[in-house]
Amino acid sequence: MFETKSVAETKQILETDTEYGLSETEAAVRLEKYGKNVLREEKGKNFLSMLLEQLNEPLIFVLFVAAAISMLLKEFGDTVIILVVIAINAVTGVIQEGRAIKAMEALKKMTAPHALVRRSGKLHEIQAHELVPGDVVVLEAGRLVPADLRLTKTMTLKIEEASLTGEAVPVEKDAGFTASSETVIGDCKNMAFMSTNITYGRGEGVVTATGMETQIGKIAGMIAHGETEMTPLQKRLAELGKVLSIVAVVLCVLLFLVAILQHRNVPEMLITAISLAVAAVPEGLPAVVTIVLALSVSRMVKVNTIVRRLPSVETLGCVSVVCSDKTGTLTENCMKVKKCYTDLKMKNVDALSSVKDELFLEGFSLCNDAVLPDFGDPTELALLAMSEEAGMHKKAFEQTAPRIGEIPFDSSRKMMTTLHQSRGRRIQFTKGSCDELLKRCTHVYAEGTVYPMTAVHQKDIKRAMETMADGALRVLGLAMKENVSSPEERQMVFIGMAGMEDPARPEVPDSVAQFKRAGVRTVMITGDHMDTAFAIAKQLDIAGDRKQCMTGNRLESMDDKALLEVIDDIRVFARVSPKHKVRIVKALKKKGNIVAMTGDGVNDAPSLKAADIGIAMGKNGTDVARSAADIVLTDDKFSTIEKAIEEGRGIYANIKKSVLFLLSSNFGEIMTMFAAILMGIAAPLKASHILWINLITDSLPALALGIDRNDTKTMMSKPPRPPKESLFAKGGLYLTLFYGALIACISLAAFLKIPYSRLCMSGEQVSLEAIQTIMISENILAKCQTYAFTVLGISQLFHALGMRNTEISLFRMNWRDNMVMIGAFIFGVALQVLVTEVPYFITVFGTVHLSLIEWGMLAGLAAVPALAHEIMVLTSK
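Our subject in this report is the structure included herewith.

Criteria and thresholds
- Residues numbered from 1 in each chain as written.
- Predicted model: local features only at pLDDT ≥ 70, side-chain atom pairs only at ≥ 80, totals over all residues.
- Heavy atoms only, no water.
- Helix = DSSP H or I, 4+ residues; strand = E, 2+ residues; numbered from the N terminus.
- Rg over C-alpha atoms; globule rule 2.2 N^0.38 Å.
- Buried < 20%, exposed > 50% of the residue type's maximum accessible area, 1.4 Å probe, protein only.
- Areas by Shrake-Rupley, 256 points an atom, 1.4 Å probe, with all protein chains shown as cover.
- Lys, Arg positive; Asp, Glu negative; His and termini not counted.
- Charge placed at Lys NZ, Arg CZ, Asp CG, Glu CD.
- Pairing = 2+ DSSP bridges.
- Axes fitted to C-alpha atoms, helices over the stretch in contact; angles between N-to-C directions.
- Patch = residues over 30% accessible without salt bridge, like charges linked within 9 Å, V, L, I, M, F, W, Y side chains within 5 Å.
- Salt bridge = Lys/Arg side-chain N within 4 Å of Asp/Glu carboxyl O.
- Parallel < 35°, antiparallel > 145°, perpendicular 65-115°, else oblique.
- Contact = heavy atoms within 4.5 Å.
- Nonpolar A, V, L, I, M, F, W, Y, C, P; charged D, E, K, R; others polar.
- Phe/Tyr/Trp six-rings, centres within 6.5 Å; stacked < 30°, edge-to-face > 60°.
- Left-handed = near helix turned anticlockwise from the far one by under 90°.

### Topic: the overall build of the protein
- Assigned secondary structure in the protein consists of 36 helices and 24 strands.
- Computed over the C-alpha atoms, the radius of gyration of the protein is 36 Å, more than 25% above the 29 Å expected from 2.2 N^0.38 for a compact globule of 877 residues.
- If one aligns the C-alpha atoms of the protein with their principal axes, the spans along those axes are about 125 × 65 × 50 Å.
- Scored against the burial criterion, the 877 residues of the protein give a buried share of 57%.
- Here the protein has roughly 36,600 Å² of accessible surface; of this, 58% comes from carbon and sulfur atoms.
- Put simply, the protein has 96 plus and 98 minus side-chain charges, and the middle of one group is 2 Å from the middle of the other.

Here's what the structure looks like:
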């Protein structure tokens, strides 16, 4: 608002005097009215509320039901196991909570602790939180701006606003400027914003906003109120949990109907129904998914990626749009000279000679207030780096030509001049805007000789200037004048020009190209100027036409419907505000995209939080950006995102394998139980058997599948999976039903083996009724259940081996890539032996001892899923 007001209008609106300031009494009244100049603290969640949030998920509800059922069955050991699983999930989730709170804390650390303010006509150093609208603040180089200000005086004032706008170069401020309409932060030359850094000059300003009303306060508000959406996997698992809950209830109802129709013992059927409901619930699934995601975090660290929110790991696998800030992410956030114009010729910077171009290098080194490696204006540091690369050093120049006078830079002249005593003579160097410099030059320097400036010379220089500008280079010119007693900026000799840029990171072009092959679109979103943004985007092959670019002003003029119509065609958004970035991310998400947003500044934090995946830079990023992000890149390289997406796709594939394995195993249990009940025979499994397999036996191979090594190169040659794609897509449902039915058949075969054999040996007619009678009369039900329990458990281990890759033979798989699976298989068999051979477990599970012959027979039956896998591989070729 205040960028459109003159200094006089601002004073009138805020009822203040720029020379006198507010009185202490008035300041106290306004402090009471507006509150302290601090970012508002959101009421933090306590441990209990965060814990309850983690428990508010369908699969967790199903686990609670399973625990209650186990309690009813007096299976207290199983109840404890299930509750421990729930606790592990909840605690893991609580640890990941509080990102918005951390972001708010980081923002507070950025705000200025003190301010130099004029009150009652006197200067006072006060705590920044005591500032109120209308206060007159004095600004100096090295200080942070303590609140949002309408500048009233500027003396060569430059403020670095990269954390708010993304613009690498400090902004030159002008108190005399008045905007014709409300504009983006980067174009507010007459405003200074809270938490930005004053790099050069001095100034004064009137406080226009404090606390949450400042630009950084509005960003803090967006972070605090941003919603954290469920990831695609969480949505699929939530849907699965609901389905499984319904299945469990439906099965219980069906069993009661069967009990009534078959005139069976209702209390007995109640226990059987509970067992069947337990079979419908994959009790180990939430724990397996959580642990697989947690284990994947350590793998992500190896590719320089720190995961702050576990579910975001798999979301990477379906990212379809990567929105990236320009400065510091796609570029190096370090100005470098790219082109030079000396001796009336265009040169690459590496072609400069310390002999032929000595005057050019000397002038840019001496007319310079920066000090390497990192003190001063980025453009001046770039000029010093250029000289260093050519073998010339500022300190050496200063020893032979010390500065004895200067005219500081100001926005009206757009240049600065320094005077030096050099080898018995005085020489001045002037650097600044080429247009302004040419107006003051009458001669030109080339090949060691000074010539009168002609129209041809001017035309050549302007053409070179335009060439650099078209390449989005920031161009500075250099001139000199000899034998002067004091600095004077007229009748000078033009020496040359330097064109500099914030260069693209060298690894980015390959990553952008790889994203294209993988069906991932790259979109640049920056607060920088359109020309600069488009030049970098074209260089990186993000955009090839200006029609693919949009400014913040144009975006502001569009409603959401109009934006949705064009957003798929836009590759570059320039001169945008933090609010615009959030709107862009939300629009892309509305179009069905899974959006990853990268950034490093405060201005990126709201959009990082709004995106499906927020990715912050770890080395040079702000604390605010890191706290708002889901993932942090420790090496700040854009190419690391490519590796992270590769890992994300592999992780999702592994989780899908784990989920399908567990569900097919559970389906086998359901089919085994339900088929037996429909046939009118005893239940083949006890609830304790099912819980043992679901929580213990199955969980280990499921974890092994979760850390399997995939062919990520093949994965990165395909487009991302649709976010709404079912876990059962691409043959997943067929695999689940087929292997579930197969496991059920062999488990029932094992269950019926003893009574069937005895009926055959006795010559009696084989019938279901006869089988049931023999089981009860000859007291062999426990042994039959042990057979079924053993085959069910071990067959699922064989099934897990094939789930590594359903298209490759077990004999062609590289088992060295997943020795954990071999260990899980051996350990699973050992556990199954434990419950049939150790007296304590025999008592707990109601099993019986098995002979070696029986073990051999049951192992052969349990290996049928592996045989089926081999047949399916052969027939699919």
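From this point, the discussion proceeds with the structure in view.
### Looking at the sheet that holds strand S8 (residues 305-307)
- Strands sit in the order S8-S24-S23-S22-S9-S19-S21-S20 across an open sheet of eight strands; the sheet is mixed. Strands with a single pairing partner mark the edges of an open sheet, and in this sheet they are S8 and strand S20 (549-551). With strand direction ignored, the average angle separating the axes of adjacent strands in the sheet is 20 degrees.
- Note that S20 and strand S21 (residues 572-574) share three bridges and pair parallel. The residue of S21 that forms the bridge with Cys 549 is Val 572.

### Topic: a nonpolar patch on the surface
- A cluster of nonpolar side chains, Ile 246, Val 249, Val 250, Val 253, Leu 254 and Leu 257, forms an exposed patch at the surface whose accessible area comes to about 520 Å².
- One can find Val 250 in helix H9 (residues 232-261).
- Owing to a relative accessible area of 42%, Val 250 belongs among the partly exposed residues under this scheme.

### Some words on the packing of helix H30 (residues 732-762) against helix H31 (residues 768-777)
- It is at 9 Å that the axes of H30 and H31 come closest, and there the two elements cross at 100 degrees. In terms of their interaxial angle, H30 and H31 are classed as roughly perpendicular. Contacts between H30 and H31 involve Phe 751, Leu 752, Pro 755 and Leu 759 from the former and Ala 770, Ile 771, Ile 774 and Met 775 from the latter.
- Of the residues contributing to the contact of H30 with H31, the split by class is eight nonpolar, no polar and no charged.

### Looking at the pairing of strand S19 (residues 521-525)
- Within S19, five of the five residues are buried, which leaves the element mostly enclosed by the surrounding structure.
- Across four bridges, the pairing between strand S9 (residues 321-324) and S19 is parallel. Pairing of Val 322 across the sheet is with Thr 522, part of S19.
- Bridge count for S19 against S21 is two bridges, and the pairing is parallel. Counted as the bridge partner of Met 524 is Val 572 from S21.

### Examining the pattern of salt bridges
- Counted under the stated rule, the structure contains 38 salt bridges.
- In this structure, Arg 583 engages Asp 560 in a salt bridge whose closest nitrogen and oxygen atoms are separated by 3.0 Å. Placement of Arg 583 in helix H23 (residues 578-590) and of Asp 560 in helix H22 (residues 560-566) is noted, with a sequence separation of 23 residues between them.
- Residues Asp 568 and Lys 591 are paired through a salt bridge, measuring 3.6 Å at the closest nitrogen-oxygen approach. Placement of Asp 568 in the loop between H22 and S21 and of Lys 591 in the loop between H23 and strand S22 (595-599) is noted, with a sequence separation of 23 residues between them.
- A residue is classified by how much of its surface remains accessible, and Asp 568, at 31% relative accessible area, is partly exposed.
- The structure contains a network of salt bridges with shared partners spanning Glu 24, Arg 119 and Asp 135.

### Looking at the packing of aromatic side chains
- Within the structure shown, the criterion is met by ten aromatic pairs.
- Relative to Phe 638, the ring of Phe 515 lies with its centre 5.7 Å away and its plane at 80 degrees, an arrangement referred to as edge-to-face. Pair noted here: Phe 515 is in helix H19 (residues 508-517) and Phe 638 is in the loop between strand S24 (631-633) and helix H26 (639-678), with a separation of 123 residues, a long-range link.
- Classification of Phe 515 by relative accessible area gives buried; the value is 0%.
- Phe 638 sits in the buried class, given a relative accessible area of 0%.

### Brief notes about the packing of helix H14 (residues 358-366) against helix H15 (residues 378-389)
- Packing of H14 against H15 brings their axes to within 9 Å, and their N-to-C directions diverge by 145 degrees. Regarding H14 and H15, the two cross each other, and that crossing is left-handed. Within the contact between the two elements, H14 uses Phe 360, Leu 361, Phe 364 and Ser 365 and H15 uses Leu 383, Leu 384, Met 386 and Ser 387.
- Of the residues contributing to the contact of H14 with H15, the split by class is six nonpolar, two polar and no charged.

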